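Per-entry structural report
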Amino acid sequence: IDLSALKNSNSRVPAEPMSRIWQQAVTQSQDPYIALRMAKLCQASAFGALGMRLAVSRHAYEALQRGAEYSHFISDATQCMIEENYSVVAYRINANVPLTSASTTPAIEAGFSCLFNLLQPLKSGLLVAKAVHFQHSFSGSVTPYEDFFGCQVYFSSYCNKLEFHKKDLLQEQLFSDPQLASSLGEWVEQRIAALNVNSTSICVQEYIMQGIVYGEVDLLTVAKKMAFSPRALQRKLKDEGTRYSDMLNDCRLKMAMKLIAHNQRPLYEVSKILGFSDQSNFTRWFKRSTGTTPRNFR
């Protein structure tokens, strides 16, 4: 690793040598729980704009979604996704290299541990997980892991997954800031675009933002513009840890925030531009997405 290059805040260290660094950390320290100890020292500011974006989220549920959406900003070796039903939300990591590889295991543990620690301040009271699954094996005591996450931890599982009770994630925090969150999100996306110009999700986002005012944002239209079938485009987006419907909703929200903040159009016109049948539907959607009404946001 070129250490002098790290003076540039935009520099990146490839995932492969980072995984080997984690393995060396375990070997040199003789501490199999080093990822848990490091996570306790991890602060949102350590991840720059992305960490602060999570810190000002409306609640832990929103932070978890953004963590999955921007996960490739942290590592180029994994795809992260959210799996959920009416009561459980899971953050799942799929690695580009064999998940049982010795070099990946401490990095996977660190990823879950750091994320869990960053979510703690977003809930009043102690946040505990429902269950934690690691695909790699572990021969030592699992007690330190279970004490850290507050739940049962399973090794040699079928996947890498951090599960929560949804109700625990939906408690709104006092220090959320939708406007700051939007600005930080834009910065992160610009950095991602600069780092990965070939990303399918970045290209889809550009097509959506270009066509949203004209109502040309359905999956079929965007897929045709990108010379994909709808099924192929959905598959590529899934590989990058996202879905077209989620991207459309996020882009519509960004456009709404821009139009509202500029204070140049009446709200009924903003709702019409964004494709809502009436202003009341737009208001309900905006409040559900941000925690405040368009009028209060303005």
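Let me sum up the structure you'll find in this document. None of the values given here were measured: they were computed from a predicted structure. (Residues numbered from 1 in each chain as written. Predicted model: local features only at pLDDT ≥ 70, side-chain atom pairs only at ≥ 80, totals over all residues. Heavy atoms only, no water.)

Topic: the nonpolar core
Counting residues in each nonpolar core, the largest one holds 36 residues, and the members touching the most others are Y91, L119, V132, F149, L162 and F164. Listed by contribution, the elements that provide at least two residues to this core are helix 2 (34–40), helix 4 (60–69), strand 2 (88–95), helix 6 (105–119), helix 7 (143–149) and strand 5 (160–165). The greatest single-element share of this core, amounting to seven residues, is contributed by helix 6. Of all hydrophobic cores here, the second largest spans 28 residues; its members include L248, C251, L267 and F282. (Core = buried A, V, L, I, M, F, W, Y, C linked by side-chain atoms within 4.5 Å. Buried < 20%, exposed > 50% of the residue type's maximum accessible area, 1.4 Å probe, protein only. Helix = DSSP H or I, 4+ residues; strand = E, 2+ residues; numbered from the N terminus.)

Side note on helix 1 (residues 15–29)
The end-to-end C-alpha distance of helix 1 is 21 Å, a good match for the 21 Å that 15 residues give at a rise of 1.5 Å each. Those residues of helix 1 that are buried lie in contact with helix 2 and helix 6. In the segment just after helix 1, Q30 is the residue with positive phi, at about 55 degrees. (Expected span 1.5 Å × (residues − 1). Contact = heavy atoms within 4.5 Å.)

Here we look at the pairing of strand 5
Among the six residues in strand 5, five count as buried, and that is most of the element. With six bridges joining them, strand 2 and strand 5 adopt antiparallel strand pairing. By the bridge assignment for strand 5, V89 is matched with F164. (Pairing = 2+ DSSP bridges.)

A short note on helix 6
The end-to-end C-alpha distance of helix 6, which contains 15 residues, comes to 22 Å, matching closely the 21 Å that a straight helix rising 1.5 Å per residue would cover. Of all 15 residues in helix 6, 13 are buried, a share of seventy percent or more.

A short note on the packing of aromatic side chains
By convention here, two paired aromatic rings are described through the distance between centres and the angle between planes. Counted according to the given criterion, the structure contains 19 aromatic pairs. Put simply, the rings of Y33, Y91, F112, F134, F138, Y145 and F155 touch in pairs and so form one group of aromatic residues. (Phe/Tyr/Trp six-rings, centres within 6.5 Å; stacked < 30°, edge-to-face > 60°.)

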